[in-house]
Amino acid sequence: MIDAAPIASHFINGEYVEDKDGTPIPVVYPATGEVIATVYSATPTIIEKALAAAKAAQAEWAAMTGTERGRILRRAADIMRQRNHDLSVLETLDTGKPYQETSLADATSGADALEYFGGLSGSLTGEHIPLADGDFVYTRREALGVCVGIGAWNYPTQIACWKAAPALACGNTSVFKPSETTPLCALKVAEILVEAGAPPGVFNVIQGLGEVGAALVTDPRVAKVSLTGSVPTGKKVYAAAAAEMKHVTMELGGKSPLIIFDDADVEAAVSGAILGNFYSSGQVCSNGTRVFVQKGIKAAFLKRLSERLANAVIGDPMDPETSFGPMVSEAQRAIVESYIEKGKAEGATLSYGGNRLDRKGFFLEPTVFSDVTDDMTIAREEIFGPVLSVLDFDTEAEVMARANATEFGLAAGVFTKDLTRAHRVVAGFEAGTCYINTYNDAPVEAPFGGSKLSGVGRENSKAAIEHYSELKTVYVRLSQLEAPF
Ligand code: NAD
């Protein structure tokens, strides 16, 4: 049905594997509501096969030089770029995101991660620490072992690569479970890694709901778990991993503030608010959904925001002109609609959108609420959809206190022409990823991740290496060894 689609549900030990004893999981194209494929949830036999394959492959993979591993990752990056069109079409089918976006931001971002960590792989070393009398310590940077990755549904290719690339670069092997909502893209990543020369078992993909993820997390062969998902899931996975003292990376939800001061460039601030709320139909964890606008610029900001939202091309995601697609699923649209109803009921002003589109698929208009106050549900809870809330403020001190008054801490942004204020404001943000006069950039060279309930650890950049390897300390004595008796 789909060109270049994966040919079975799972990818284990270098090949596609099917097991129809598992519960069927329909794959629905969000733009039409049609079932375009079916995968089967991993049975205990499949889970066992995947973990056994990853465990068996690990020692040999770690024994290769970093340069050899890196060459394979960089070759995989090249293949991903050559196949960007097909991979982008598959990403659009999996998620409903417009091809205009997927062709720029998904396989390309995955390829960046494979290339970046492929480049770093050969340079990963320990250090030499001199001591008295010629004695010394050296450290070995060693792989953790088998790493489990569990993905959310908004960036299925990117999430698979952001977890696979640093894990594999450090000499780990991996079992990845994509979200049950978008199961297809990670299989292509596994296929490409093998084509690039990754030995069988180094990167495996199995399907399933939360219980498959939970079975992976608790298996004693697993040394590390990296989850991208919601805070409630994060708490469960973190607790299960803690029981066996496993390493974790948690990339969780957010309710990030975006502060726009009176002196900001209105067009740039509106661009930031659009990029921080409506890309991927608002289904981005780091979105700046609480837009604090200083009172002097509010009227101009709201006017330009509405004018520019009217330019959004909403429709067939495969049409390269389309700039705004459907929500990922009927269920997610229903959640977002219930928040829109709460916004209205709690007294916010609906300034733009708020309605379904009268067409097949899970379309919802870009939506803006103004006159939102801190206590309203839409200002406190993660909506994960195209709903922007505008909150008014007077002073910097006031807005900083309000921006930080949240249990989340994923991202935060500020628009102002006053650079001194900009740096002061970001220093005061309680958030892992901050932006000045921009929003939602995520280059592989920069650490990405959250503080507070939004997560633990960092993805991308050299910082990720710390989360996929550990140091072994070796004491070496050259001087005479003495003992008390
Ligand atoms: P989710 O928490 O419902 O599911 C995430 C993944 O966890 C899925 O693969 C799911 O099957 C699995 N899972 C569920 N229960 C589990 C359990 N008990 N043990 C192991 N695995 C389990 O999240 P979602 O709805 O797929 O994604 C949306 C959420 O992800 C939002 O909160 C969003 O902010 C967050 N997110 C965060 C980032 C980030 O980098 N910080 C990126 C994208 C999405």
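What you see is a predicted model; the values in this text were computed from it and never measured.

For strand E11 (residues 247–251), the buried fraction is high: four of the five residues fall into the buried class. One ladder, built from five bridges, connects strand E10 (residues 222–228) with E11; its direction is parallel. Counterpart to Val225 in the pairing with E11 is Val248. Between E10 and its parallel partner E11, the chain crosses via helix H9 (residues 231–243), and the hand of that crossover is right-handed. In the sheet, E11 pairs with strand E21 (residues 455–456) via two bridges, with the strands oriented antiparallel. Directly across from Glu251, in E21, lies its bridge partner Gly455.

In this structure's numbering, the residues bearing the UniProt feature "active site" (unreviewed entry) are Glu251. Locating Glu251 in the fold gives a position in strand E11. For Glu251, a relative accessible area of 4% puts it in the buried group. Contact partners of Glu251, with chain neighbours within four places excluded, come to Leu227, Thr228, Gly229, Leu410, Phe448, Gly449, Gly450, Ser454, Gly457, Arg458 and Glu459.

Before going further, it helps to spend a moment on helix H6 (residues 156–169). Residues separated by three or four positions in an α-helix point in the same direction, a consequence of the helix having 3.6 residues per turn. Between its terminal C-alpha atoms H6 stretches 20 Å, which fits the 20 Å expected from 14 residues at 1.5 Å a residue. Among the 14 residues in H6, 14 count as buried, and that is most of the element. Backbone geometry just after H6 places Gly171 at a positive phi near 95 degrees.

This part covers the sheet that holds strand E16 (residues 387–393). Judged by pairing direction, the sheet is mixed, and its seven strands sit side by side in the order E14-E15-E16-E13-E12-E18-E19 without closing on themselves. Looking at which strands have only one partner, the edges of the open sheet turn out to be strand E14 (349–352) and strand E19 (433–436). Pairs of neighbouring strands in the sheet enclose a mean axial angle of 20 degrees, with direction left out of account. Both strand E13 (residues 290–294) and E16 contribute to a ladder of five bridges, which runs parallel. Note on E16: the bridge partner recorded for Gln294 is Phe393. Across the sheet, helix H12 (residues 330–345) touches E14, strand E15 (367–370) and E16, and the angle it forms with E15 is around 25 degrees. Against the sheet, helix H14 (residues 396–404) touches strand E12 (257–260), E13 and E16, its axis set at about 145 degrees to E16.

It is worth spelling out a negative patch on the surface at this point. Together, Glu346, Asp375, Glu381 and Glu407 line one region of the surface with negative charge. Within the secondary structure, Glu381 is located in the loop between helix H13 (377–380) and E16. For Glu381, a relative accessible area of 31% puts it in the partly exposed group.

Our next topic: the packing of helix H2 (residues 66–82) against helix H7 (residues 185–195). Each pair of packed helices can be described by the angle between their axes along with the distance between the axes. Contact geometry of H2 with H7 gives a least axis separation of 8 Å together with a crossing angle of 125 degrees. One finds that H2 runs oblique with respect to H7. As for how H2 packs across H7, the hand of that crossing is right-handed. Taken together, the residues of H7 that come into contact with H2 (itself represented by Ile72, Leu73, Ala76, Ile79 and Met80) are Val189, Ile192, Leu193 and Glu195. A class-by-class count of the residues in the contact of H2 with H7 yields eight nonpolar, no polar and one charged.

Criteria and thresholds
- Residues numbered from 1 in each chain as written.
- Predicted model: local features only at pLDDT ≥ 70, side-chain atom pairs only at ≥ 80, totals over all residues.
- Heavy atoms only, no water.
- Buried < 20%, exposed > 50% of the residue type's maximum accessible area, 1.4 Å probe, protein only.
- Helix = DSSP H or I, 4+ residues; strand = E, 2+ residues; numbered from the N terminus.
- Pairing = 2+ DSSP bridges.
- Right-handed = clockwise from strand over helix to strand, strands pointing away.
- UniProt positions renumbered as here; feature names shortened; annotations may be inferred.
- Contact = heavy atoms within 4.5 Å.
- Expected span 1.5 Å × (residues − 1).
- Axes fitted to C-alpha atoms, helices over the stretch in contact; angles between N-to-C directions.
- Patch = residues over 30% accessible without salt bridge, like charges linked within 9 Å, V, L, I, M, F, W, Y side chains within 5 Å.
- Areas by Shrake-Rupley, 256 points an atom, 1.4 Å probe, with all protein chains shown as cover.
- Salt bridge = Lys/Arg side-chain N within 4 Å of Asp/Glu carboxyl O.
- Lys, Arg positive; Asp, Glu negative; His and termini not counted.
- Charge placed at Lys NZ, Arg CZ, Asp CG, Glu CD.
- Parallel < 35°, antiparallel > 145°, perpendicular 65-115°, else oblique.
- Left-handed = near helix turned anticlockwise from the far one by under 90°.
- Nonpolar A, V, L, I, M, F, W, Y, C, P; charged D, E, K, R; others polar.

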